[in-house]
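Close look at the chain arrangement
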Amino acid sequence: MTESQAWPQAIRLLLLQTSHQLRLFLRVPVAVFFTVALPFVVLLIINATSSERVLSDTNGEWPIDAFVCVAISAFTAVSATFTNLANMVPIRREEGVLQRWRSTPLPVWVLVGGHVLSAVVIAVLSTVFMLGVGVALYGVRIALTAVPALVLTMLVATVSFAAMGMAVAAVVPTASAASGIANAIILPMALISNVFIPMEDPPSVIDAVANLLPLRPFVDALQAPLHPMNPAAAPRWGSLGVVALWGLVSFVIAVRQFRWNAAPGGSTRRRRSRPQ
Amino acid sequence: MTGPVIKVRDLVVEYRSPTGPLRAVDGLDLTISAGEVYALLGENGAGKTSTVEVIEGHRPRHSGDVEVLGIDPAASGAVRRELRDQIGIVLQTSGVEPEITPREALNLFSSTYRAPRSVREVIELTDLRDFADQRIGTLSGGQRRRLDLAVAVIGRPKVLFLDEPTTGFDPSARRKAWDLISNLRVDGTTILLTTHYLDEAEYLADRVGVMSKGRMLVEGTPGDLQQAHGQSVMSVKISETGSMGQQDIEHGVALALHAIPHHVTWIGQRLEITTSDTTGVLERLASWAASAGLVLSDWSIERPSLEQVFLDLNTNDDRGDSGD
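Residues numbered from 1 in each chain as written. Chains lettered and ligands numbered in written order. Predicted model: local features only at pLDDT ≥ 70, side-chain atom pairs only at ≥ 80, totals over all residues.

Looking at the sheet that holds strand S3 (residues 37–41) of chain B
All names here are of chain B. Read from one edge to the other, the open sheet built from six strands follows the order S5-S6-S7-S3-S8-S9, with strand pairing classed as mixed. Here the strands that pair on one side only, and so sit at the sheet edges, are strand S5 (87–90) and strand S9 (215–220). Averaged over all pairs of adjacent strands, the angle between strand axes in this sheet comes to 15 degrees, irrespective of strand direction. For S3 and strand S7 (residues 190–195), the ladder comprises five bridges, and the chain directions are parallel. In the sheet register, Leu41 faces S7, and the bridge partner there is Thr195. Across the sheet, helix H1 (residues 48–56) is in contact with S3, S5, strand S6 (159–163), S7 and strand S8 (207–212); its angle to S7 comes to roughly 150 degrees. Helix H5 (residues 141–153) rests against S5 and S6 of the sheet, and its axis sits at about 165 degrees to S5. (Pairing = 2+ DSSP bridges. Helix = DSSP H or I, 4+ residues; strand = E, 2+ residues; numbered from the N terminus. Axes fitted to C-alpha atoms, helices over the stretch in contact; angles between N-to-C directions. Contact = placed C-beta atoms within 7 Å.)

In structure tokens form, the structure reads like this:
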């Protein structure tokens, strides 16, 4: 009898869901392109066209190409988590995939956990790749003492941005709206967060806004342990706190607003027939 | 296992609409026993899908009691998981990621159940062999519906919900799907299906319920419904009429069938009698013919199709409503 059999182990289910999501990611060329290839090309272009300048921040001076490389690495992690989930989850909702899983005994937290964990894995791998490029080409140095801070920063930020992606996925009406909304959020934020163009002497209002939004604090927190002159051994708690707060609020929104099926009539996909 | 597997009492489902709450299901009762195949019929908007979605646990109900395998489908957490382990669902609007193959999908879905069927068995059962390793995005609509069915039965469900399982199938694919559903019935699986196809209900179902405007209009075996709500057409050849003309015979028949509702027409030498009481007509007509010295031969009785019953029921229901 089925009753006497044990449930499959939760950790095994989580790993299966995660590897399933990773396999899906690798089979969606456009996702791979936007998450990994595009930031890499942007990095090459920016650093090929910028002059050999030196930037100063609170910890001392940076060669500009190393500074930009770390900033774009952070942006890559955000693409892999926030943008990726905000785009893909509504598509899966409209494909009926979420509804399909809801019919199975898979616990909801495992389903969501698989999405989040796979996004974190993609973020970590692509960030490691970008930083590797930085080490090879742009003089980025990774001090051993800074590794714990680096790991913690990546963990807090990727999970938080994944939660933000799930929150956007929960509230957007349709999949086609999702990609627009995700980009409308992330691109202006990147412009004021030192990602593509480091701002020297920004207006104080923009500076203040950027510090309240989650991207700039993440960039700052990732740059601190990677500072070429003065790598911080301790994580930037204040910046990480801002990121984590955004993650927490997003988590609550995602849990409350999560929908399994496309809104009636709001689907961008043609349904086989309308539900009654 | 015997006894009811699905119990629904006084179910009410309401939707919000700009003009106030809309009652999709209005006091529905439904009991389905173990191993039974039950078909829920009704026109679009009759409340079939809403009913089934509540029973599946996919839609909240306004009021009423619902139990599936002794569990309230609105339960959450561990109880809900227990129920999910024992039921399989084919929804109209669910799907699987187009980037993977049916085999990969079945492997993944089977991982979530306690006692799943083997993937190979399900691929055979649902006839997915030829495209088990193709991306789902490249499959036809009918092939995807077969995959839906495969995903629904991978967990070895005791109860299977099929929402219009063969919509979009070509005739031979429908036959195959019917065979599959019949095979599952042999395994003792209880099946609740909704369908627009009356021949599907006639072929598959032990019992049929016809819904209209959120209520159960009538319930019974396909045979019961045909007998109780459809008019059979009896036809008989009358020979050796002697001096009797058609009018005399009609008169005699009218007297013989007194108090049995019927309608008579002639087709050449054959008399056609449309009635819902074929047994009564047969008895009285035979004894009248014997006493009148007529020879009746070549009897035939055509039962109404379930489709005719269904159309009659819905027409009557509409007529009944026109007064308010």
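Describing the interface of chain A and chain B
Contacts between chain A and chain B engage 28 residues on the former and 32 residues on the latter. Mapped onto the side of chain A that touches chain B, the elements with two or more residues apiece are helix H1 (10–26) and helix H4 (97–102) of chain A. Here the residues of the side of chain A that touches chain B are counted per class, giving eleven nonpolar, ten polar and seven charged. (Nonpolar A, V, L, I, M, F, W, Y, C, P; charged D, E, K, R; others polar.)

Points about H5(B)
For H5(B), which comprises 13 residues, the first-to-last C-alpha distance of 19 Å matches the rise-based estimate of 18 Å (1.5 Å per residue) to within 8%. Considered for burial, the residues of H5(B) that qualify are Arg145(B), Arg146(B), Leu147(B), Asp148(B), Leu149(B), Ala150(B), Val151(B), Ala152(B) and Val153(B). If you follow the buried residues of H5(B), they end up packed against H4 of chain A together with S5, helix H3 (102–110), helix H4 (119–125), S6 and helix H6 (171–186) of chain B. (Expected span 1.5 Å × (residues − 1). Buried ≥ 20, exposed ≤ 12 C-beta atoms within 10 Å, placed from the backbone.)

Let's talk about the environment of Leu28(B)
Residues and elements named next belong to chain B. Summarising the element assignment, Leu28 is placed in strand S2 (residues 22–33). What makes Leu28 buried here is the crowd of 23 C-beta atoms within 10 Å. Apart from the residues lying within four places of it in its own chain, the contact partners of Leu28 are Val8, Leu11, Thr51, Gly214, Arg215 and Met216.

Digging into the confidence of the model for chain B
Residues and elements named next belong to chain B. Considering every residue of chain B, the mean pLDDT works out to 87; 96% of them sit at 70 or more. The spread of mean pLDDT over the elements of chain B runs between helix H11 (residues 306–321), the lowest at 68, and H3, the highest at 97. When the criterion is pLDDT under 50, residues 320–324 qualifies, and its contacts beyond four places in sequence or with other chains add up to zero contacts. (pLDDT = per-residue confidence, 0-100.)

A few points about the sheet that holds strand S12 (residues 270–275) of chain B
All names here are of chain B. Ordered by their spatial adjacency, four strands build an open sheet running S11-S12-S10-S13, and the pairing between neighbours is antiparallel. The sheet is open, and its two edges are formed by strand S11 (262–267) and strand S13 (295–302), each paired on a single side. Taking the axes of each pair of neighbouring strands and ignoring which way they run, one obtains an average angle of 20 degrees across the sheet. Pairing of strand S10 (residues 232–239) with S13, which is carried by six bridges, proceeds in the antiparallel orientation. Considered in S13, the bridge of Ser239 is made with Val295.

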